Amino acid sequence: MSGIRNVFGKLFGFINGIRKVIVNLVFFIVLFVFVGFLMSGEDAIEVPTDGMLVLNLTGYIVEEKTYVDPVDEFFNKALGSAPSVPEVLLSDVIESIELAASDDRISGIYLNLSSFMGAGMNKLELIGNALSEFRESGKPIYTYGDYFSQAQYYLAAHADAIYLNPLGGMMFDGMGGNNLYYKDLLDKLKVSTHVFKVGDYKSAVEPYIRNDMSDEAKEANGQLYGELWETYKSRVTALRDIDPRILSGTMADFQALVAENNNDLAKLTVTTNVVDELKTREAFRTQMIELTGLDDDEKSWKRIDHNAYLAAIEQESLMAEENNDDVNSIKVIVARGIIVDGYQKAGMIGGDSTAELLRRARQDDSTKAVVLRIDSPGGSGFASEIIRQEVLELQKAGIPVIASMSSVAASGGYWIAASADEIWAAPTTITGSIGVFGTFFTIEDSLAEIGVYSDGVRTTEMPVMDITQPLGDDAKQIIQLSVEKFYTDFVQMVADSRDMSYDEVHAVAQGRVWTGTKALEFGLVDQLGDFEDAIAAAAAKADLTEFTVETLTQELSPRQQMLANFFGTAQAWFPQPTVAAKNPLEAELMRVWSDLQITTKFNDPNGIYALCELCPTY
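Residues numbered from 1 in each chain as written. Predicted model: local features only at pLDDT ≥ 70, side-chain atom pairs only at ≥ 80, totals over all residues. Heavy atoms only, no water.

(A) The overall build of the protein chain, seen in detail. Helix and strand counts for the protein chain stand at 22 helices and 25 strands. Residues classed as buried in the protein chain amount to 45% of the 618 residues present. Across the protein chain, every contact between residues at least 6 apart in sequence was considered, and the portion connecting residues at least 24 apart equals 78%. A total of about 30,700 Å² of accessible surface is found on the protein chain, and carbon and sulfur atoms cover 53% of it. (Helix = DSSP H or I, 4+ residues; strand = E, 2+ residues; numbered from the N terminus. Buried < 20%, exposed > 50% of the residue type's maximum accessible area, 1.4 Å probe, protein only. Contact = heavy atoms within 4.5 Å. Areas by Shrake-Rupley, 256 points an atom, 1.4 Å probe, with all protein chains shown as cover.)

(B) Spatial organisation of the packing of helix α3 (residues 90–101) against helix α12 (residues 306–317). Two numbers describe how α3 lies on α12: the axes approach to 10 Å, and their chain directions differ by 65°. On the basis of the axis angle, α3 is roughly perpendicular to α12. Both α3 and α12 take part in a crossing whose hand is left-handed. Where α3 approaches α12, its residues D92, V93, E95, S96, L99 and A100 are matched on the opposing element by H306, N307, Y309, L310 and I313. Residues that form the contact of α3 with α12 fall into these classes: six nonpolar, three polar and two charged. (Axes fitted to C-alpha atoms, helices over the stretch in contact; angles between N-to-C directions. Parallel < 35°, antiparallel > 145°, perpendicular 65-115°, else oblique. Left-handed = near helix turned anticlockwise from the far one by under 90°. Nonpolar A, V, L, I, M, F, W, Y, C, P; charged D, E, K, R; others polar.)

(C) Seen up close, the sheet that holds strand β2 (residues 59–62). If you trace the three strands from one edge of the open sheet to the other, you get β3-β2-β5, paired in parallel fashion. Each edge of the open sheet carries a strand with a single partner, namely β3 (87–89) and β5 (116–118). Looking at each pair of strands side by side, their axes are set apart by 45° on average, direction ignored. As paired elements, β2 and β3 share three bridges and run parallel to each other. In the strand pairing of β3, V62 is matched with L89. (Pairing = 2+ DSSP bridges.)

(D) Examining α3 more closely. Taking 1.5 Å per residue, twelve residues should reach 16 Å; α3 reaches 17 Å between its end C-alpha atoms and fits that length. All of the buried residues in α3 are L90, V93, I94, S96, I97 and A100. Taken down its axis, α3 places every buried residue within 160° of arc, on the same side. (Expected span 1.5 Å × (residues − 1). Arc of directions from axis to C-beta.)

(E) Inspection of the pattern of salt bridges at higher detail. Scanning the entire structure with this criterion turns up 25 salt bridges. The salt bridge involving D187 is made with K183; its shortest N-O contact spans 2.8 Å. Here D187 pairs with K183, and both are found in helix α6 (residues 183–188), just four residues apart, close to one helical turn. Here D364 makes a salt bridge to K331, at a shortest N to O gap of 3.3 Å. Within this pair, whereas D364 is found in the loop between α13 (351–363) and β16 (367–376), its partner K331 is found in strand β13 (residues 329–336), the two being separated by 33 residues in sequence. A relative accessible area of 29% places D364 in the partly exposed class. The class of K331 is buried, set by a relative accessible area of 0%. (Salt bridge = Lys/Arg side-chain N within 4 Å of Asp/Glu carboxyl O.)

(F) Quick look at the packing of α13 against helix α14 (residues 381–396). One can describe the packing of α13 onto α14 by two numbers: an axis separation of 8 Å at closest approach and a directional angle of 5°. Taken together, the axes of α13 and α14 lie roughly parallel to each other. Touching G351, D352, T354, A355, L358, R359, A361 and R362 of α13 are A383, I386, I387, E390, V391, E393 and L394, all from α14. Looking at side-chain class alone, the contact of α13 with α14 contains eight nonpolar, two polar and five charged residues.

(G) Spatial organisation of the side chain of S214. You can see S214 is positioned in the loop between α7 (206–209) and α8 (215–239). Of note is the side chain of S214, whose polar atom sits 2.4 Å from the side chain of E206. (Polar contact = N/O pair within 3.5 Å; in protein donor to acceptor, adjacent residues only side chain to side chain.)

(H) Spatial organisation of unusual backbone geometry. In this structure, N262 is a non-glycine residue whose phi angle is positive, near 55°. Structurally, N262 can be placed in the loop between α9 (251–260) and α10 (265–271). Judged by relative accessible area, N262 falls into the exposed class, the value being 61%. Positive phi is not limited to glycine here, since Q510 has a value of about 55°. Within the element layout of this structure, Q510 appears in the loop between α18 (502–508) and β22 (513–515). For Q510, a relative accessible area of 19% gives the class buried.

Quick look at the structure:
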């Protein structure tokens, strides 16, 4: 017995020792952060003379960053682990480009695209336009890559010079892709899938009831992607005189180009004018040192990251700030992500949390207009209506609301825009998808397979949503009728808001997605333009000539604000994280996980959703 106690005593001592090491490690890290926080105000960020502004586009470009606990974010960076989906704020990228154009200290821009994972077409165009305006200042733009993805190349094409590693390459893949379908998997697991929908083109539920894409979905998706691809090609070829064969999309043309260049994919990019020159990393670094001069501390070329640059500009202007509480204000509210019920953190649209932001804008006496910036594939129908009701309240208060569509404003994303005074979309915005569905899974057969059964008594025959029980025909009928009623209400609401007839809206609804250009033809939007155009429209509606623009965000608690300030300052000490490319198997597993995650966000109290399944969420 004493031997057992001795073993357990040693085991406990070992565990306790590990605990002490971990506690001490955390203590010293926090102490390190605290000391740095106290000293952080002493050293101003310095913008190097003749330095390059480096646009570090690590991850996806987004309208609003997903909320991450500042403590978690700090320790991720401290331990060298990047977030699973890094994000870059669109407004930060554009603002840094615009400021650098007139800053004599900045000699040019370097596009660091090596870890850029992508963005909606509209966001790429906005950054591209800013880069084109920057070049008009006479300052150059350079970029270098070991390999360029299609999204990366769209931005690279705006550079004065594009350099590629001699072992690199570039291939234009076109638009589109494949979905994953789970019908047979669910059948093998004996999961019963109950689907209720309205709209021939509402294909969000197809992955759970089919093993392939329906003809209707292929028709709609083919037209949408075809328009986006033609837009992409026209923009790129307007910037560079690229051999049309590499953009034709035919394997025969690509094989011919490969043969002409002795199977050298890197050389192919030069002869087709996709890139300007092949250079090793060291050769490019040497060239940049010759252009900017040597940074003695870094032993490399002079440069400043765009995040550090914005922080430096903020420090410089801090003393010049004035109190603008009494100035007329246009409030911007960003609605980014899937729409779900309740309160949600940034990066997801909560019916209650987004409605609260709209209410705050209405209750602020300085608010003269609101721009609702939407980047959403939709989601909960109930939550979408809660948000729209707050839009109506703003209008009742005499405050105009302009809906500004980013890359995506479809299904529920269109719902919350429909009643705005004006709707602005980019030509490449994915919108429409006016349709609804409900889905419910039951596992009575799965349980029976392993010998588990569910039974009991109830006092009524009313339909019960119990995943352990079959869904009766009467319940199915009631749910389908409620989904149909919801669709009717959706179409009628759009018709009333857009001064259209029910039949006119129904003809372009039925769950079908459109580009912003097509939506304008059909009367679903009022104007084509970007975010700045929407701000100008809001000012015109409110008859404003002088005003400030303020983005409303969710208010942090005192504890959250303290932690954000505390750990946010310390993160500047850590190097920019890099994002390693996922292998194909890992990428497919992540797709399956992403599909599963979407189903876990279905929390509509009525079980009815307006969601576009092919719309990107970044």
